[in-house]
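Here is how the chains run, residue by residue.
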Amino acid sequence: MAEDDSEWVVESIVGYLGSPEWVIPVTDFMENKCTVFDDEDENKLSYTEIHQQYKKLVEKLLENYMQEVGINEQQFLDACTSPFAKSKTLQSVFQPVLATDDFQMFRSLMVQKNMELQLQALRVIKERNGALPECLTDGVDVMSELQQQEMKILQEVLKKSKEEYDEEMSRRLLLEEEVGSTSSICSNKPLAKSGEARNTISAPSQQSSTAKTNGNPVIKEEKMAAQGGGDAKSAAKSLSKLIPECGSNSVESRVLPAVRAPVKSSEPSVSSSPLTKEQSSSSQTAAETWLEEAHREAGFSKPYTELSASQQEQLQQRAAYLRQQRDKLHALKKEQQKTKQTATSEEAPSNPAPAPTTTPEAVGQPQRNGACTPPLPAPPPPQAQHSANSSKQKEISAEERKKLQKRKHLADKLKEEVIKK
Amino acid sequence: MGEAQKGLLSVIEKLKGSTEQEVRIVLLGLDNAGKTTLLKSLASEDVNTITPTQGFNIKSVASHGMKLNVWDIGGQRKIRPFWKKYLENTDLLIYVIDSADKKRFEETGLELSELIDEENLKGVPVLIFANKQDLATASPASEIAEGLNLHTYRDREWQIQACSAVSGEGVQDGMNWICNNIVNKKK
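Parameters at a glance
Residues numbered from 1 in each chain as written. Chains lettered and ligands numbered in written order. Predicted model: local features only at pLDDT ≥ 70, side-chain atom pairs only at ≥ 80, totals over all residues. Heavy atoms only, no water. UniProt positions renumbered as here; feature names shortened; annotations may be inferred. Helix = DSSP H or I, 4+ residues; strand = E, 2+ residues; numbered from the N terminus. Buried < 20%, exposed > 50% of the residue type's maximum accessible area, 1.4 Å probe, protein only. Contact = heavy atoms within 4.5 Å. Areas by Shrake-Rupley, 256 points an atom, 1.4 Å probe, with all protein chains shown as cover. Salt bridge = Lys/Arg side-chain N within 4 Å of Asp/Glu carboxyl O. Polar contact = N/O pair within 3.5 Å; in protein donor to acceptor, adjacent residues only side chain to side chain. Pairing = 2+ DSSP bridges. Axes fitted to C-alpha atoms, helices over the stretch in contact; angles between N-to-C directions. Parallel < 35°, antiparallel > 145°, perpendicular 65-115°, else oblique. Nonpolar A, V, L, I, M, F, W, Y, C, P; charged D, E, K, R; others polar. Right-handed = clockwise from strand over helix to strand, strands pointing away.

Chain B appears in an unreviewed UniProt entry as ADP-ribosylation factor-like protein 3 from Seriola dumerili. Per UniProt, the comment on chain B under Sequence similarities (unreviewed entry) is "Belongs to the small GTPase superfamily. Arf family."

Per an unreviewed UniProt entry, chain A goes by Cilia- and flagella-associated protein 36 and derives from Lates calcarifer. The record in UniProt for chain A states the following under Sequence similarities (unreviewed entry): "Belongs to the CFAP36 family."

Below, the structure written as structure tokens:
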């Protein structure tokens with residue numbers, strides 16, 4: 001056969017192998033017969049019977065086609081062995097034909113088809129019922145294992161951020177008492193630390209961070225039992241409830257109740273009830289409402305003088321205790337900050353000076369809580385913070401980097417989950 | 001158009017056009033003879049987790065520049081009727097015997113002679129593995145060859161090879177014979 005002859009034959013054959021006359025009967029056959037084909041190493045005797053039937057089907061189809069087009073087997077063979085037909089793309093087209101002579105190839109085609117159908121069926125069931133019945137979900141163990149791991153990480157992060165929140169808290173209380181004279185160490189260092197991160201923060205997000213710092217004490221207070229207030233407990237309860245329930249989401253929720261907490265000190269009755277209500281709503285929308293509220297409440301919670309006498313007393317006690325803590329932590333912090341400061345000092349000067357009472361913490365927060373912040377549903381700014389943080393990670397000491405990496409990992413997971421939803 | 005009678009599938013066969021020479025080998029024998037163990041040992045796979053074969057196994061083994069596609073079909077009595085469906089286009093028959101199972105020598109002899117008479121196996125060389133030589137009660141290969149009347153086979157190449165599929169002893173000798181024989185035959 002002439003060279004140019006075989007080329008149109010190949011094209012014609014390829015066209016036929018893509019046409020409904022070929023595809024429909026072959027696909028029908030595969031879909032009808034593939035159910036017995038599993039992934040076991042051993043072949044069933046019935047496979048051979050099905051393979052024989054398949055051979056007959058293909059032979060019949062090809063014979064009909066060749067008669068129609070008017071080519072003989074030699075032409076067919078020449079065409080199929082031509083270099084044109086040997087190209088990668090055409091190889092897959094010819095696979096169903098070659099499967100007649102190659103049982104292993106046939107078997108793998110059928111196993112694949114069977115798997116496709118099973119996945120399709122699972123999808124349909126899921127769409128209809130919203131979820132898979134329990135009998136169809138294996139891999140539960142793996143999931144729970146993953147969740148357990150996630151929980152471990154979460155707990156670790158929770159602990160770490162709690163410690164840091166405590167630090168912030170000690171400083172915050174000090175600031176509250178010495179309102180005017182806060183400018184010293186506390187305000188300067190976080191400022192430098194935050195560097196570019198603060199540049200990207202919009203006003204509302206700063207506010208939210210502030211609220212957060214205000215709220216942190218709740219956790220610590222619980223531990224200390226200094227407060228013992230019902231509201232603090234309820235807040236803590238909602239925390240512990242949320243955490244086991246919603247896996248990675250709990251970071252959001254955990255941070256958020258803390259945001260909510262400042263209200264407790266100023267208006268105790270209000271804080272506990274919305275918390276419990278909001279538990280029921282989906283974590284994301286709840287988080288957003290929380291944030292909004294936090295924004296508002298951050299303003300309310302400040303006026304120290306408006307508090308009742310007993311509350312003032314409690315605050316004093318707390319302050320005393322926390323001041324002790326602060327002194328201990330301060331030395332530690334100083335060292336850490338020094339390293340950070342050297343890393344980010346170039347960026348610091350360009351930052352606008354914030355109000356001394358609130359911003360130091362607000363600004364310091366995103367840095368320290370790095371990955372915790374991004375998953376907050378608060379709009380774009382946190383994302384920007386996050387990227388700023390990650391760019392800085394390299395410059396931070398190895399210990400700090402480890403911490404941040406852990407959190408970043410968590411944040412990525414969270415992001416993934418949120419995006420999936 | 002005289003070719004058309006030859007059947008389209010023989011044409012498709014040529015399509016594969018692999019550079020490697022492919023050899024189709026069928027591995028048969030009574031149940032518990034050690035066929036699957038032999039197959040796995042040929043493929044250098046673990047031989048400790050083998051269960052009675054209900055269907056069939058296929059392994060492709062590269063040897064002497066050839067691709068040996070070995071089909072191991074279950075040997076239980078109820079499966080044996082299916083053997084003949086796998087004999088078409090076979091280049092070589094490997095027949096495995098449990099050398100320690102003297103009680104069934106007669107039965108295995110009958111099955112072998114039936115296979116030899118199969119149209120699809122006409123002239124096909126046969127290698128008999130006298131397996132399980134690692135067992136103390138195993139009969140020597142020469143004794144088995146006599147019992148099977150192998151010396152009366154005139155229409156084909158044949159060979160009996162003592163082996164132990166578990167230890168691998170003797171298996172390679174058998175494969176060497178196969179490769180030499182196929183090369184000779186295909187020339």
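Here the narrative resumes.
**Section: the overall build of chain A**
For chain A, the count of helices and strands is 20 helices and zero strands. Burial status across chain A gives 47% buried among its 421 residues. Within chain A, residue pairs in contact and separated by at least 24 positions form 78% of the contacts whose partners lie at least 6 positions apart. When the accessible surface of chain A is totalled, it reaches about 20,900 Å², and 54% of it is carbon and sulfur.

**With respect to the pattern of salt bridges**
It is possible for side chains bearing opposite charge to pair when their charged atoms get close. Throughout the structure, instances matching the rule amount to 18 salt bridges over all chains. Close ionic contact of D38 of chain A with K44 of chain A constitutes a salt bridge, the shortest N to O distance being 3.0 Å. Exposure remark for D38 of chain A: the relative accessible area of 26% places this residue in the partly exposed category. K44 of chain A gets classed as partly exposed once you look at its relative accessible area, which sits at 34%. Residue K40 of chain B pairs with D41 of chain A through a salt bridge whose shortest N-O separation is 3.8 Å. Residue K40 of chain B is found in helix α2 (residues 35-42), and its partner D41 of chain A is found in the loop between α2 (20-33) and α3 (45-69); the two belong to separate chains. Under the relative-accessibility criterion, K40 of chain B is labelled buried at 15%. Three or more residues are tied together by salt bridges with common partners; here these are D31, R77, R80, D101, R104, E107 and E111 of chain B.

**Observations regarding the UniProt feature "binding site: Mg(2+)" (unreviewed entry) in chain B**
Summarizing the sequence annotation, UniProt attributes the feature "binding site: Mg(2+)" (unreviewed entry) to T36 and T53 of chain B in the numbering used throughout. The largest pairwise C-alpha distance within this set of annotated residues, which runs over 18 residues, is 7.5 Å, so the set is compact in three dimensions. Its location among the elements puts T36 of chain B in helix α2. Ignoring anything within four residues of it in the chain, the contact list for T36 of chain B reads I50, T53, N57 and D72 of chain B. Sequence-distant contacts of T53 of chain B, defined by excluding residues within four places in its chain, comprise E42 of chain A together with T36, D72, G74, Q76 and I79 of chain B. A distance of 2.8 Å separates a polar atom in the side chain of T53 of chain B from a polar atom in the side chain of T36 of chain B.

**Observations concerning the sheet that holds strand β3 (residues 66-73) of chain B**
Hydrogen bonds between backbone groups are what pair the strands of a sheet, and the pairing can be parallel or antiparallel. All names here are of chain B. If you trace the six strands from one edge of the open sheet to the other, you get β2-β3-β1-β4-β5-β6, paired in mixed fashion. The sheet terminates laterally at β2 (56-63) and β6 (158-162), the two strands that pair on one side only. Here the average twist between neighbouring strands, direction ignored, is 20°.

**Description of the packing of α3 of chain A against helix α6 (residues 103-129) of chain A**
Residues and elements named next belong to chain A. Put simply, α3 and α6 touch, their axes get as near as 11 Å, and they point 100° apart. Looking at the two axes, α3 sits roughly perpendicular to α6. Facing Y47, T48, I50, H51 and Y54 of α3, the residues of α6 in contact are F103, F106, R107 and M110. By residue class, the composition of the contact of α3 with α6 is six nonpolar, two polar and one charged.

**Points about the environment of K40 of chain B**
Spatially, the C-alpha atom of K40 of chain B lies 9.1 Å from that of I50 of chain B, the residues being 10 residues apart in sequence. The contact partners of K40 of chain B, leaving out residues within four places of it in the chain, are D41 of chain A together with E45, D46, V47 and I50 of chain B.

**Remarks on the side chain of T36 of chain B**
For T36 of chain B, a relative accessible area of 9% gives the class buried. Engagement of the side chain of T36 of chain B in a polar contact is seen with the side chain of D72 of chain B, the distance being 2.7 Å.

**Focus on the pairing of strand β5 (residues 126-131) of chain B**
All names here are of chain B. With six of its six residues buried, β5 lies for the most part within the structure. Burial along β5 is two-sided: the face carrying V126, I128 and A130 and the face carrying L127, F129 and N131 are both buried. Looking at chain direction, strand β4 (residues 92-98) and β5 are connected through six bridges and run parallel. Bridge pairing links L93 to V126 in β5. For the segment spanning β4, helix α3 (residues 105-116) and β5, crossover handedness is right-handed. As judged from the five bridges shared by β5 and β6, these two strands associate in the parallel manner. Paired with I128 across the two strands is I160, which belongs to β6. Each parallel crossover has a hand, and for β5 linked through helix α4 (residues 141-147) to β6 it is right-handed.

**Describing the pairing of β3 of chain B**
Residue and element names in this part refer to chain B. Judged by how many residues are buried, β3 sits mostly within the fold: seven of eight residues are covered. Note: strand β1 (residues 21-29) against β3, seven bridges, orientation parallel. Paired with V26 across the strands is W71, a residue of β3. Hairpin connection from β2 to β3: two residues lie between these consecutive antiparallel strands, with H64 at a positive phi of about 50°.

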